[in-house]
Amino acid sequence: MASQLLYAGFSAGLTFLLGASVLGVELRSQGVNTIVAIEGPMIWLWLGVAVVIVFFHQLFRPRIEALRHRTWAGSRFSLPPLLRNHAQRRLIIALVIGALLLFPFLAERSAIDLATLTLIYVMLGLGLNVVVGLAGLLDLGYVGFYAVGAYTYALLNNYFGFSFWEALPLAGAVTALFGYLLGFPVLRLRGDYLAIVTLGFGEIIRILLNNWTELTGGPNGISRIPKPTLFNLEFSRRADEGNIPFHEFFGIPYDPSYKVMYLYILALLLSLATVYVIYRLMRMPIGRAWEALREDDIACRSLGLNPTGIKLSAFTIGASFAGFAGAFFAARQGFISPESFTFIESAIVLAIVVLGGMGSQLGVILAAIAMTLLPEIAREFNEYRMLLFGLIMVMMMVWRPQGLLPLKRPQMELKRG
Amino acid sequence: MAESELLSVRDLSMRFGGLLAVDQVSMEVRLGEVVSLIGPNGAGKTTVFNCISGFYRPTSGEVLFKGRPMQRLPGFKIARAGMVRTFQNVRLFKEMTVIENLLVAQHMQAERSLLKGLLLTKGYRRREQEIMERAAHWLERVGLIDFANREAGNLAYGQQRRLEIARCMVTQPRLLMLDEPAAGLNPNETRDLNRTIVRLKQEEGITVLLIEHDMSLVMDISDRIYVVNQGKPLADGTPDEIRRNPEVIKAYLGEE
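Fair warning: this is a prediction, and the values are worked out from it, not measured in the lab.

**Here we look at the overall build of chain B**
Argument step 1. The secondary structure content of chain B amounts to 10 helices and 10 strands.
Argument step 2. What you see for chain B is a C-alpha radius of gyration of 19 Å, in line with the 18 Å of a compact globule of 256 residues.
Argument step 3. Projected onto its principal axes, the C-alpha coordinates of chain B cover approximately 70 × 40 × 35 Å.
Argument step 4. Long-range contacts, defined as pairs at least 24 residues apart, comprise 65% of the intrachain contacts of chain B with a sequence gap of at least 6.

**A word on the overall build of chain A**
Argument step 1. Counting secondary structure elements, chain A contains 17 helices and 4 strands.
Argument step 2. Projected onto its principal axes, the C-alpha positions of chain A cover 80 × 75 × 45 Å.
Argument step 3. Taking the intrachain contacts of chain A between residues at least 6 apart in sequence as the baseline, contacts between residues at least 24 apart amount to 75%.

**Structural notes on the pairing of strand β4 (residues 60-65) of chain B**
Residue and element names in this part refer to chain B.
Argument step 1. As judged from the 5 bridges shared by strand β1 (residues 5-16) and β4, these two strands associate in the antiparallel manner. For L7, the partnering residue across the bridge sits in β4 and is F65.
Argument step 2. Bridge count between β4 and strand β5 (residues 68-69): 2 bridges; the pairing is antiparallel. Opposite F65, over in β5, you have R68 as the bridge partner.

**Section: the nonpolar core**
Argument step 1. Ranked by size, the top nonpolar core spans 162 residues in total, and within it A:M123, A:Y146, A:A150, A:A314, A:A325 and A:A327 carry the most contacts.
Argument step 2. Filtering out sequence-adjacent residues up to four positions away, A:A150 remains in contact with A:G326, A:A327, A:F329, A:A330 and A:I336.

**Topic: helix α7 (residues 164-186) of chain A**
Residues and elements named next belong to chain A.
Argument step 1. Here α7 contains 23 residues, and its C-alpha end-to-end distance of 32 Å stays within 8% of the 33 Å for a straight helix at 1.5 Å per residue.
Argument step 2. F164, A167, L168, A171, G172, V174, T175, A176, F178, G179, L182 and G183 are the residues of α7 that are buried.
Argument step 3. Contacts made by the buried residues of α7 are with α6 (142-160), α8 (191-211) and α14 (307-333).

**Focus: the interface of chain B and chain A**
Argument step 1. In this assembly, 30 residues from chain B lie in contact with 25 residues from chain A.
Argument step 2. Among the elements of the structure, α2 (75-81), β6 (83-85), α3 (98-105) and α4 (114-119) of chain B are those that each provide at least two residues to the side of chain B that touches chain A.
Argument step 3. Among the elements that make up the side of chain B that touches chain A, the one with the highest residue count is α3(B) (5 residues).

**Brief notes about unusual backbone geometry**
Residues and elements named next belong to chain B.
Argument step 1. One non-glycine residue, Q24, adopts positive backbone phi at about 55 degrees.
Argument step 2. Note on placement: Q24 falls in strand β2 (residues 19-30).
Argument step 3. Exposure remark for Q24: the 14 C-beta atoms within 10 Å place this residue in the partly exposed category.
Argument step 4. With a phi angle near 50 degrees, L120 is a residue other than glycine that sits in the positive phi range.
Argument step 5. Take L120: it is sitting in the loop between α4 and α5 (122-141).
Argument step 6. The exposure class of L120 is exposed, given the 12 C-beta atoms found within 10 Å.

**Notes on the domain arrangement of chain B**
Residues and elements named next belong to chain B.
Argument step 1. Split by domain assignment, chain B resolves into domain 1 (1-82 + 173-256) and domain 2 (94-172).
Argument step 2. For domain 1 versus domain 2, the separation of C-alpha centres amounts to 27 Å.
Argument step 3. Between domain 1 and domain 2, the residue contacts involve 8 residues of the former and 9 residues of the latter.

**Details of the domain arrangement of chain A**
Argument step 1. Here chain A is described as being made up of domain 1 (2-26 + 37-64) and domain 2 (108-399).
Argument step 2. The centre of domain 1 of chain A, based on its C-alpha atoms, is set 44 Å off from the matching centre of domain 2 of chain A.

**Describing the confidence of the model for chain B**
Argument step 1. In this model, chain B carries an average pLDDT of 90, and 98% of its residues clear a pLDDT of 70 or more.
Argument step 2. Taken together, the chains of this predicted complex give a pTM of 0.81 and an interface ipTM of 0.89.

**Digging into the environment of A:L388**
All names here are of chain A.
Argument step 1. With respect to the helices, strands and loops of the structure, L388 is situated in helix α17 (residues 385-399).
Argument step 2. Distance from L388 to T175, taken between C-alpha atoms, is 35 Å for residues 213 residues apart in sequence.
Argument step 3. Leaving out residues up to four positions away in the same chain, L388 has contacts with A378 and F381.

**Regarding the pairing of strand β7 (residues 175-179) of chain B**
Residue and element names in this part refer to chain B.
Argument step 1. For β7, the tally of buried residues reaches 5 of 5 residues, placing the bulk of the element in the interior.
Argument step 2. A two-sided burial pattern is seen for β7, the buried positions comprising L175, M177 and D179 on one face and L176 and L178 on the other.
Argument step 3. Sheet analysis places β6 next to β7, joined by 3 bridges and oriented parallel. Across the sheet, the residue bridging to V84 is L176, located in β7.
Argument step 4. Bridging between β7 and strand β8 (residues 207-211) involves 5 bridges; their strand directions are parallel. Across the sheet, residue L176 finds its bridge partner in β8, namely V208.

**Quick look at the sheet that holds strand β9 (residues 224-229) of chain B**
Residue and element names in this part refer to chain B.
Argument step 1. Strand order in the open sheet formed by 6 strands is β6-β7-β8-β3-β9-β10, with mixed pairing between adjacent strands. Either end of the sheet is taken by a strand with one partner, and the two such strands are β6 and β10 (232-237). With direction set aside, neighbouring strand axes in the sheet form an average angle of 20 degrees.
Argument step 2. Alignment of strand β3 (residues 34-38) against β8, held across 4 bridges, turns out to be parallel. What sits directly across from V34, in β8, is V208.
Argument step 3. Here helix α10 (residues 246-253) sits on the sheet in contact with β9 and β10, set at roughly 130 degrees to β10.

**Details of the sheet that holds β5(B)**
Argument step 1. The antiparallel open sheet is built from 4 strands, whose spatial order is β2-β1-β4-β5 (chain B). Each edge of the open sheet carries a strand with a single partner, namely β2 and β5 of chain B.

**Structural notes on helix α7 (residues 187-204) of chain B**
Argument step 1. For α7(B), with 18 residues, the first-to-last C-alpha span of 25 Å sits near the 26 Å given by 1.5 Å per residue.
Argument step 2. Of the residues flanking the end of α7(B), it is B:G205, one or two places downstream, whose phi is positive at about 65 degrees.

**Remarks on the packing of α6(A) against α7(A)**
Each pair of packed helices gets described by two things: the angle between the helix axes and the distance between those axes.
Residues and elements named next belong to chain A.
Argument step 1. It is the contact of α6 with α7, at a shortest axis distance of 8 Å, that shows an interaxial angle of 140 degrees. Judged on the interaxial angle alone, α7 and α6 are oblique. Helix-helix and strand crossings are classified by hand; for α6 and α7 the assignment is right-handed. From α6, F145, V148, G149, T152, Y153, L156 and N157 reach across to α7, where they touch F164, A167, L170, A171, V174, T175, F178 and G179.
Argument step 2. The class makeup of the residues in the contact of α6 with α7 is 10 nonpolar, 5 polar and no charged.

Calculation rules
- Residues numbered from 1 in each chain as written.
- Chains lettered and ligands numbered in written order.
- Predicted model: local features only at pLDDT ≥ 70, side-chain atom pairs only at ≥ 80, totals over all residues.
- Helix = DSSP H or I, 4+ residues; strand = E, 2+ residues; numbered from the N terminus.
- Rg over C-alpha atoms; globule rule 2.2 N^0.38 Å.
- Contact = placed C-beta atoms within 7 Å.
- Pairing = 2+ DSSP bridges.
- Core = buried A, V, L, I, M, F, W, Y, C linked by C-beta atoms within 7 Å.
- Buried ≥ 20, exposed ≤ 12 C-beta atoms within 10 Å, placed from the backbone.
- Expected span 1.5 Å × (residues − 1).
- Domains from an automatic or database assignment.
- pLDDT = per-residue confidence, 0-100.
- Axes fitted to C-alpha atoms, helices over the stretch in contact; angles between N-to-C directions.
- Parallel < 35°, antiparallel > 145°, perpendicular 65-115°, else oblique.
- Left-handed = near helix turned anticlockwise from the far one by under 90°.
- Nonpolar A, V, L, I, M, F, W, Y, C, P; charged D, E, K, R; others polar.

This is how it looks when you write it as structure tokens:
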């Protein structure tokens, strides 16, 4: 007990020292001089509270840990049993999709906008999930592929007048090609080395876009990227030559929120397509091979599976989803610049995959929603927002390292009559 | 070269830096035989295996499988040619289920076209059905059918060993290479293994190359035996010949 007391006292003292030096004093400039000013009593009061909390937490730490240990086992939640039945599951999926389709007609414009952004992250998360969660290849430069997709549409439109729908498959194909070209030399590397190379790749793409001013406009980016059309009907007040605006075609008054709704529905359809394609891939030979390779590549080789080819397919397919998401992002924003494709985007998408539970699609979707909604909800905390965000991430990893909803087995079942 | 020769290894050597782990080893495996490779610990048996199966690139020598040179090919291509191996320490996909382990092993037989799989074409579904049935058939053969949907890592050790053999067999190999399959098994399980290998030989016509320390198993099921000691070939012959060979006795028991 005495050593515990000593330890708690030391922790409290350390808290006070650090807290006082960081929060308790302030440097003010008076003319040419800089003086050290002591903060007001409120700061010191909070500091005192913090010191007391740390003291008692350290003092009773063994008991708190024991308590946590006991609650931990019960805190693993899994899917409710009604989702296990096939017919019921179909019904629920249909209801959810229906609700998601109805959502834009009931919600506010800002909420629809936020939902669209969330769906972009859902697509990115699902795509990266193929690479990291299923194939087990740590990719820190995923944003590079996102940028390639966005710039493919922007440049094709800028120079050749491609519409969104013409550019979308090309964006996926070009990004897949980039994934292939990057993957070919580097997939012999393992774990950490691969992570570093992909990190470099993401940065190279961004810096290239920033400096190749003649082609990409450099830091000024590319603006006036047209929004997607609905069978050539535009959602602006006045259409470009040859096209008809949506509201004139249907003879209804112009409302800018149609455009927002249309973008949302488009994002929803793209996300649903992504979910379906990856759902199928996971149950196809290639998906099984990805998982097997993640577990033991030597065993894979001994069974005639070519590890490099399988890794390359995961990398290429994962990249192409980022390409689709990127093209949609460019169309939604109407303006892109290299600033949108910094490392922090890769980190957020990776966090979505890890938080969601590696390899699990539903987990990744939930995590993508949480990761985009949390910063919005926490907006009133201003500059402490990211701090709060970090805290939640740390707690998540301590209490639930396997992610929100870890991948569930079996993927394939042997049914016997 | 005889018609029935499936695998022939000629003057195989493998050098790791200053260590000559395998020195001029030659062996022949004929169709339908069970051939064992024995020797004291550290004799280089597993290194021979790794060279034959393409996990190491031998320093010199030839490996001919069905008359085709194999020694320059990567491991996965050798496996595709019909030579499939197990490992000393079990290497299952532990987080995948038992049946999934067998489905992965049939990757080369499966319909791998992405488009057909995404569209769930009739041909794709038939092929998936076929590999599922073959997997179920082999689970039945090794007595693991009741564990089909369990995670492979949760099986008992002996069951994991059996699953590893089943996983090799679903690839429909010509030559099955087993690296100490009886290691860690109790006498009952070893007897089961003995029966399994004999049945594979009789019913499937499979050829087996075996590394094993359990002498009663080796003497019981082998048609011929090769002995290596310190990387060098020491003797070869039928179990009876090997049992009486003074060189072999010396290597195993030490000099008097």
